[in-house]
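# Observations on chain architecture
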There are 2 protein chains.
Amino acid sequence: MTNNFSIQATAKAVPHTEIYNQDLTSLMATSDEWIQQRTGIKARHVATTETTTSLAVDVAQQLLQQSQLAATSIDLIIVATMSPDFLTPATAPQVQAAIGAANAIAFDINVACAGFVYGMQLVHQYLQPGQHALLIGSETLSHLVDWHDRRTAVLFGDGAGGMLIAADSDVPTGHWLGSHYATFGADGHYLTAGQQPRLNPWSTDTAVKPTNQWAFQMNGRRVYDFATTQVPRSIEQALTAAKLQANEVQSFILHQANARIVASVGKTLHLNTEQLPVNIAKYGNTAAASEPILFAELVAQHQIQRGDKLVFTGFGGGLSVGSAVIEY
Amino acid sequence: MTNNFSIQATAKAVPHTEIYNQDLTSLMATSDEWIQQRTGIKARHVATTETTTSLAVDVAQQLLQQSQLAATSIDLIIVATMSPDFLTPATAPQVQAAIGAANAIAFDINVACAGFVYGMQLVHQYLQPGQHALLIGSETLSHLVDWHDRRTAVLFGDGAGGMLIAADSDVPTGHWLGSHYATFGADGHYLTAGQQPRLNPWSTDTAVKPTNQWAFQMNGRRVYDFATTQVPRSIEQALTAAKLQANEVQSFILHQANARIVASVGKTLHLNTEQLPVNIAKYGNTAAASEPILFAELVAQHQIQRGDKLVFTGFGGGLSVGSAVIEY
């Protein structure tokens with residue numbers, strides 16, 4: 001472990017097909033106005049031919065191309081996902097194979113919407129000086145949604161984002177400054193998805209079918225209360241660990257679950273809107289992919305500069321929260 | 001990170017229902033003799049009322065009881081599983097809630113059968129002096145099996161095992177000595193399970209049903225070749241990192257995939273049978289749970305002593321391999 005944490009490349013990939021709020025009115029009783037007012041979402045991308053793996057591979061290929069690094073120089077590949085294509089192989093080994101990163105170890109983590117920020121900590125702890133990691137959040141949540149349930153279906157989208165991270169003391173920029181993580185398992189039942197079928201002939205509970213508790217089920221009020229309470233606390237504790245004040249941070253890259261949650265967090269922490277980028281209108285909630293998709297856009301648009309202090313915060317299923325403070 | 005790695009407690013939990021080879025002959029054309037000769041397996045436990053979560057909670061409760069540690073002293077809970085009950089919440093947050101480990105962060109990793117040994121590395125890297133982690137492998141593979149496919153169904157079983165690990169310099173015993181990890185993603189298609197349904201209305205591939213590529217599919221020859229080649233290599237590299245010879249190691253706790261693989265590894269590395277404990281006869285292949293189940297039995301039977309040098313090696317889906325060398 002070193003405090004060097006240099007993000008050398010960042011990229012995103014989203015499915016080709018874009019579904020607008022209006023398109024959903026044929027599937028459920030909803031409206032563009034209602035969705036936008038409650039969530040800030042105008043559209044989301046959904047996988048047609050794409051998979052969680054193909055989106056992650058797309059991101060990995062872009063990261064290598066941007067950094068001009070040989071695939072064999074990658075030491076670690078972590079994919080954060082709550083919507084893998086297979087239970088085995090996991091997503092990360094398939095990325096490893098697709099890009100030819102023969103020297104990388106590769107595994108998946110599942111911390112739902114907080115997965116990417118948890119992965120940042122694991123990368124930080126894993127990397128030795130001179131090593132490189134790919135950290136990717138990739139999701140196809142559209143397969144975990146009941147597209148006739150207007151309370152949840154309007155919220156989610158598919159996509160992937162990632163970073164190539166080096167822990168090289170030769171690199172002039174990029175430092176890990178502090179972090180905070182917490183789990184609230186007792187509230188986990190407020191947000192569930194993907195109950196797996198029970199299929200053995202001896203099980204007393206053989207009634208579990210994919211449509212049963214497969215789709216997202218959410219107590220929206222409770223999850224909103226959790227996020228608006230615990231996200232500010234997590235950010236405050238991470239900033240304390242980093243010995244920074246909120247006004248010294250250029251951008252807070254928050255998980256894009258709902259524009260209202262982002263606004264509430266900003267109000268609690270007295271942040272200005274320039275510190276709180278939001279792109280949920282185009283993508284919906286893409287779980288572990290949301291922070292790196294937002295970050296990749298901000299970097300591409302030159303809204304983030306080298307030397308900026310950044311806070312990444314993920315929160316969601318578990319329930320889980322995590323914040324990482326870095327100098328970019 | 002510290003080199004202190006003190007296993008303060010270890011426990012296992014298996015479902016109540018035991019299925020003998022003979023019981024399987026009503027489901028498929030097989031025989032007790034055939035299964036025992038090819039695999040060394042006589043019986044396996046299968047979940048009836050138990051779940052991946054309940055087995056993991058059972059292990060966590062035993063670990064706390066053995067160590068007499070307050071649940072609030074736990075800082076980290078990692079569950080390694082390829083057979084979670086839900087995609088969210090993950091298993092570890094549910095364990096956190098069940099035991100009241102309010103100060104622990106909790107997440108799942110998926111490295112299939114190598115998951116527990118990958119988790120050992122993550123725990124090693126995470127823990128600061130004075131901190132405590134629960135590392136648990138928990139699986140209900142019986143739900144990922146086609147119980148009419150005699151090539152795969154006879155191999156797998158359900159169960160959980162775990163360790164309570166401290167990184168306390170006050171603790172006299174327990175050190176991390178070295179490790180080796182590798183991923184072979186290009187061979188991942190030789191062992192697949194749990195393809196997730198694609199259910200969104202826009203997907204061109206809506207035909208994926210739980211029974212399609214849900215169940216384990218394995219190219220037995222290729223996986224055998226992988227294991228018998230890469231496991232000895234991984235162990236040798238981990239021993240080199242630990243500056244140990246194989247004859248200085250008291251026990252090699254290998255993933256229990258097949259008694260023949262264990263025997264082949266032993267032959268390649270010139271190990272004696274006392275160094276190679278095997279318990280697959282009773283449990284079958286329990287993936288990420290197999291090493292800690294075996295370890296818990298050996299500790300309970302006083303076949304492992306404080307000060308012993310131990311190698312833990314996991315291998316399987318990914319394809320993945322990993323070896324950790326510790327002083328117990």
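Residues numbered from 1 in each chain as written. Chains lettered and ligands numbered in written order. Predicted model: local features only at pLDDT ≥ 70, side-chain atom pairs only at ≥ 80, totals over all residues. Heavy atoms only, no water.

### Examining the UniProt feature "domain: Beta-ketoacyl-[acyl-carrier-protein] synthase III C-terminal" (unreviewed entry) in chain A
In the numbering used here, UniProt assigns the "domain: Beta-ketoacyl-[acyl-carrier-protein] synthase III C-terminal" (unreviewed entry) feature to residues 239–328 of chain A. For residues 239–328 of chain A, helix accounts for 32% and strand for 22%, while the C-alpha atoms at its two ends are 15 Å apart. (UniProt positions renumbered as here; feature names shortened; annotations may be inferred. Helix = DSSP H or I, 4+ residues; strand = E, 2+ residues; numbered from the N terminus.)

### Description of the sheet that holds strand β12 (residues 309–316) of chain A
Residues and elements named next belong to chain A. Pairing is mixed across the open sheet formed by 4 strands, whose spatial order is β8-β13-β12-β11. The strands lining the two open edges of the sheet, one partner per strand, are β8 (175–183) and β11 (251–254). Taken over all neighbouring pairs, the strand axes of this sheet differ in orientation by 15 degrees on average, direction set aside. As defined by bridge partners, β12 adjoins strand β13 (residues 320–327) across 8 bridges and the pair is classed as antiparallel. In the sheet register, F315 faces β13, and the bridge partner there is V321. Strand contacts of helix α9 (residues 290–300): β11 and β12, with the helix running at about 145 degrees to β11, the strand carrying the most contacts. (Pairing = 2+ DSSP bridges. Axes fitted to C-alpha atoms, helices over the stretch in contact; angles between N-to-C directions. Contact = heavy atoms within 4.5 Å.)

### Quick notes on the pattern of salt bridges
All names here are of chain A. Counted under the stated rule, the structure contains 8 salt bridges over all chains. In this structure, R151 engages D149 in a salt bridge whose closest nitrogen and oxygen atoms are separated by 3.1 Å. On the accessibility criterion, R151 (63% relative accessible area) is exposed. Between R221 and D225 there is a salt bridge, and its shortest N-O distance comes to 3.3 Å. Of this pair, R221 and D225 both sit in helix α6 (residues 220–242), separated by 4 residues, roughly a single helical turn. Look at D225 and you get partly exposed, because its relative accessible area is 33%. (Salt bridge = Lys/Arg side-chain N within 4 Å of Asp/Glu carboxyl O. Buried < 20%, exposed > 50% of the residue type's maximum accessible area, 1.4 Å probe, protein only.)

### Examining empty space enclosed by the protein
According to the stated counting rule, one finds 4 cavities of 30 Å³ or more in the structure shown. Looking at the largest cavity, its volume works out to about 140 Å³. Contributing to the lining of the largest cavity are 13 residues, with T81, P84 and N110 of chain A together with P84 and N110 of chain B lying nearest its centre. Secondary structure elements with two or more residues in the lining of the largest cavity: β5 (105–110) of chain A together with β5 (105–110) of chain B. Looking at the lining of the largest cavity residue by residue, the classes come out as 7 nonpolar, 4 polar and 2 charged. (1 Å grid on protein atoms, 1.4 Å probe; cavity = no way out; pocket = protein on both sides within 12 Å on 5 of 7 lines; lining within 4 Å. Points joined across faces, edges and corners; volume = space filled by probe spheres on them. Nonpolar A, V, L, I, M, F, W, Y, C, P; charged D, E, K, R; others polar.)

### A short note on the relation of the copies chain B and chain A
Both copies of the chain are related by a screw-like operation: a rotation about an axis and a shift along it. Aligned on chain A, chain B shows an RMSD of 0.0 Å; the corresponding rotation is 180 degrees and the shift along the axis is 0.0 Å. Such a turn and shift between the copies fits a two-fold axis. Nearest to the rotation axis, the C-alpha of I109 of chain B is located 2.2 Å from it, this being the minimum over chain B. Both copies present the same face, since 100% of the interface residues in chain B are matched by interface residues at the equivalent positions in chain A. (Least-squares fit on C-alpha atoms with pLDDT ≥ 70 in both.)

### Focus: the side chain of T48 of chain B
In this structure, T48 of chain B sits in the loop between β3 (43–46) and α3 (52–67). Residue classification places T48 of chain B among the buried residues on the basis of a relative accessible area of 16%. Every residue in contact with T48 of chain B, bar those within four places of it in the chain, is listed here: W202, S203 and T204 of chain A together with T17 of chain B.

### Some points on the interface of chain B and chain A
At the junction of the two partners, chain B supplies 65 residues and chain A supplies 65 residues. For the pair chain B and chain A, the summed buried surface comes to about 5600 Å²; carbon and sulfur atoms form 65% of the total. Considering only the surface of chain B that becomes buried against chain A, L87, T88 and W202 of chain B emerge as the three largest contributors, covering 14% of it. At the surface where chain B touches chain A, the tally comes to 27 residue pairs in polar contact (both at pLDDT 80 or more). Of all the secondary structure elements, the ones that give two or more residues to the side of chain B that touches chain A are α4 (91–99), β5, α5 (115–126), β8 (175–183) and β9 (191–192) of chain B. Per-element tally for the side of chain B that touches chain A: the top contributor is β5 of chain B, with 6 residues. Residues belonging to the side of chain B that touches chain A are distributed by class as follows: 38 nonpolar, 23 polar and 4 charged. Where β5 of chain A meets β5 of chain B, 3 bridges bridge the pair, whose relative direction is antiparallel. Considered in β5 of chain B, the bridge of N110 of chain A is made with D108 of chain B. (Buried area = accessible area lost by both parts, 1.4 Å probe. Polar contact = N/O pair within 3.5 Å; in protein donor to acceptor, adjacent residues only side chain to side chain.)

### Thoughts on the nonpolar core
Ranked by internal contacts, the top residues of the largest apolar core, which has 74 residues, are M120 and F295 of chain A together with M120 and F295 of chain B. Each residue touching F295 of chain B, except ones within four places of it in the same chain, is listed here: I7, T10, M163, I253, I304, L310, F312 and Y328 of chain B. (Core = buried A, V, L, I, M, F, W, Y, C linked by side-chain atoms within 4.5 Å.)

### Details of the environment of L141 of chain B
Residue and element names in this part refer to chain B. Structurally, the position occupied by L141 is in the loop between β6 (132–140) and β7 (158–166). When its relative accessible area of 0% is taken as the criterion, L141 is described as buried. Once the C-alpha coordinates of L141 and D23 are considered, the two residues, 118 residues apart in sequence, prove to be 17 Å apart. Aside from chain neighbours lying at most four places away, what touches L141 is M82, S83, F156, G157, D158, F216, N285, T286 and A287.

### Observations regarding the environment of M28 of chain A
Residue and element names in this part refer to chain A. One can find M28 in the loop between α1 (21–24) and α2 (32–39). Overall, the relative accessible area of 6% leaves M28 in the buried class. Excluding anything up to four places from it in sequence, M28 contacts W147, H148, D149, R150, A153 and V154.

### Quick word on the pairing of strand β4 (residues 76–80) of chain A
All names here are of chain A. Of all 5 residues that make up β4, 5 are buried, and the element is covered over most of its length. Neither face of β4 is left uncovered, since the one carrying L76, I78 and A80 and the one carrying I77 and V79 both have all their residues buried. As judged from the 5 bridges shared by β4 and β5, these two strands associate in the parallel manner. Paired with A80 across the strands is I109, a residue of β5. On the question of chirality, the crossover connecting β4 to the parallel β5 by way of helix α4 (residues 91–99) is right-handed. By the bridge criterion, 5 bridges tie β4 to strand β6 (residues 132–140) in an arrangement that is parallel. Each bridged residue has a counterpart across the sheet, and for A80 the counterpart in β6 is G137. (Right-handed = clockwise from strand over helix to strand, strands pointing away.)

### Quick look at the packing of helix α3 (residues 52–67) of chain A against α4 of chain A
All names here are of chain A. With their axes 9 Å apart at the nearest point, α3 and α4 run at an angle of 50 degrees to one another. In terms of their interaxial angle, α3 and α4 are classed as oblique. In the crossing of α3 with α4, the sense of the turn from one axis to the other is right-handed. Counted together, T52, T53, A56, V57, A60, Q61 and L64 of α3 and T91, Q94, V95, A98 and I99 of α4 form the full contact between these two elements. A class-by-class count of the residues in the contact of α3 with α4 yields 7 nonpolar, 5 polar and no charged. (Parallel < 35°, antiparallel > 145°, perpendicular 65-115°, else oblique. Left-handed = near helix turned anticlockwise from the far one by under 90°.)

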